[in-house]
Amino acid sequence: MSAEQSPAGKQPTATYDSAFLKACRREPVPHTPVWFMRQAGRSLPEYRKVREGIPMLESCMRPELVTEITLQPVRRHGVDAAIFFSDIVVPLKAIGIDLDIKPGVGPVIEKPIRTRADLARLRDLTPEDVSYVAEAFGLLTRELGATPLIGFAGAPFTLASYLVEGGPSRNHEHTKALMYGDPRLWADLLDRLAEITAAFLKVQIEAGASAVQLFDSWVGALAPADYRRFVQPASRKVFEAVAGYGVPRIHFGVGTGELLRDMGEAGADVVGVDWRVPMDEAARRVGPGKALQGNLDPAVLFSTPQAVETRTREILDAAAGLEGHVFNLGHGVLPDTDPDALSRLVEYVHTQTAR
């Protein structure tokens with residue numbers, strides 16, 4: 001981290017005044033900042049070229065490769081922030097969980113965690129376990145200069161779901177069976193995962209992350225009351241653990257329209273919104289004191305440029321009265337997305353919102 005610090009005492013001055021961080025802090029911005037979840041990845045031919053023949057998890061452990069992949073969408077699209085190229089299961093792999101990311105499937109756990117004895121397999125994460133992450137952050141912050149770099153981690157519920165199910169799940173039956181059937185074991189599992197997740201985010205922040213995002217990809221499967229009882233305490237623990245660093249904390253989940261206020265109350269500074277809820281309605285649900293991020297449906301990018309602009313204009317209009325708005329998709333970039341559509345979208349948002 002730079003010796004020169006921001007007024008907050010934590011962030012490098014080079015990124016402190018960026019449009020992205022200003023929006024996260026709910027300050028006036030020169031234009032609405034834009035970045036895309038999964039912007040560094042499968043939609044880019046240059047990504048496919050450098051990843052050819054290299055398994056996903058191995059890709060995440062090569063600092064030079066991570067640096068190149070993370071920089072690719074910044075060069076091509078002119079986005080206002082970079083998102084660190086990694087995967088939410090990297091910290092689990094780093095502490096010795098036997099897992100692999102299988103193409104077309106996702107993370108697969110060899111031995112699911114479903115008993116109290118299984119908790120012993122979830123040891124503490126140390127910086128040495130993920131030294132390649134800190135190395136990549138060092139390389140990236142030197143290259144990015146004034147462009148903020150977002151770190152991220154999977155939220156305790158989503159990590160627990162993968163661990164308990166043994167892989168991706170549509171109904172989360174094993175996860176919910178454990179959550180309802182043995183709430184004490186469930187609480188201990190999420191607490192352990194919260195500690196691992198917080199440690200992983202601390203490594204990224206101390207290595208130069210300007211902001212962090214906690215992905216709770218599967219938490220939309222829960223009712224609000226269940227979220228508050230079974231999930232919110234662990235997510236709050238993660239956010240509280242990194243609060244002292246002074247970097248913005250973003251919280252995002254899919255299908256979480258009914259959970260937006262609760263997710264904000266877990267401790268995020270910015271609440272991510274998927275495409276199912278209009279931004280003005282999302283602001284009403286979240287309440288004051290939070291910036292919002294979102295929320296173009298990724299599938300819209302497969303339509304005509306005019307249709308993309310029309311939908312984007314509607315989102316910008318709905319977000320016009322927000323305290324802070326970071327434009328993003330309502331989920332990740334889809335693999336077959338035309339990269340030029342993303343570049344046009346960035347330019348359109350910047351042009352339309354220039355102050």
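Residues numbered from 1 in each chain as written. Predicted model: local features only at pLDDT ≥ 70, side-chain atom pairs only at ≥ 80, totals over all residues. Heavy atoms only, no water.

**Section: the environment of Gly255**
Mapping Gly255 onto the fold places it in the loop between β6 (249-253) and α13 (260-265). Linking Gly255 and Arg276, residues 21 residues apart in sequence, is a C-alpha distance of 7.3 Å. If we skip the residues at most four places from it in the chain, Gly255 touches Gly220, Asp274 and Arg276. (Helix = DSSP H or I, 4+ residues; strand = E, 2+ residues; numbered from the N terminus. Contact = heavy atoms within 4.5 Å.)

**With respect to the pairing of strand β8 (residues 291-296)**
Taking burial as the measure, the six residues of β8 include six buried ones, the bulk of the element. Pairing of strand β7 (residues 270-272) with β8, which is carried by three bridges, proceeds in the parallel orientation. Looking at β8, one finds that Val270 is bridged to Ala291. Between the parallel pair β7 and β8, the chain is carried across by helix α14 (residues 279-286), and the sense of this crossover is right-handed. Crossover handedness for the path β8 to helix α15 (residues 305-318) to strand β9 (residues 325-329): right-handed. (Buried < 20%, exposed > 50% of the residue type's maximum accessible area, 1.4 Å probe, protein only. Pairing = 2+ DSSP bridges. Right-handed = clockwise from strand over helix to strand, strands pointing away.)

**Some remarks on the pairing of β9**
Extensive coverage of β9 is indicated by the burial of five of its five residues. Along β9, one buried face is formed by His325, Phe327 and Leu329 and the opposite face, lined by Val326 and Asn328, is buried too. Relative to β9, β8 runs parallel, the two being bridged by five bridges. Bridging across to β9, Gln293 finds its partner in Val326.

**Observations concerning the sheet that holds strand β5 (residues 211-216)**
Taking strand neighbours across the sheet as the criterion, the seven strands line up as β1-β4-β5-β6-β7-β8-β9 in an open arrangement whose pairing is parallel. Since the sheet does not close on itself, it has two edges, and those belong to β1 (82-83) and β9, each with one partner. Alignment of strand β4 (residues 149-154) against β5, held across five bridges, turns out to be parallel. The residue bridging Ile150 from the neighbouring strand is Ala211, located in β5. Relative to the sheet, helix α7 (residues 131-144) contacts β1 and β4, its axis offset from that of β4 by approximately 150 degrees. (Axes fitted to C-alpha atoms, helices over the stretch in contact; angles between N-to-C directions.)

**What about the pattern of salt bridges?**
Within this structure, the stated rule accounts for 19 salt bridges. Across the pair Glu68 and Arg75 runs a salt bridge whose closest N-O atoms are separated by 2.9 Å. In this structure, Asp274 and Arg276 form a salt bridge, with 2.6 Å as the shortest nitrogen-oxygen distance. Residue Asp274 is classed as buried on the basis of its relative accessible area, which comes to 2%. (Salt bridge = Lys/Arg side-chain N within 4 Å of Asp/Glu carboxyl O.)

**Thoughts on the packing of aromatic side chains**
By the definition in use, this model includes seven aromatic pairs. Ring geometry for Tyr180 and Phe230: centres 5.8 Å apart, planes at 80 degrees, overall edge-to-face. Highlighted residues: Tyr180 in helix α9 (residues 173-181) and Phe230 in helix α11 (residues 224-230), separated in sequence by 50 residues. A residue is classified by how much of its surface remains accessible, and Tyr180, at 45% relative accessible area, is partly exposed. Feature note: the residues Phe152, Phe215 and Phe252 constitute an aromatic cluster, connected by ring pairs. Lying across the ring of Tyr16, Arg25 places its NZ or CZ 3.7 Å from the centre. (Phe/Tyr/Trp six-rings, centres within 6.5 Å; stacked < 30°, edge-to-face > 60°. Lys NZ or Arg CZ within 6 Å of the ring centre and 35° of its normal.)

In short, geometric facts, not functional conclusions.
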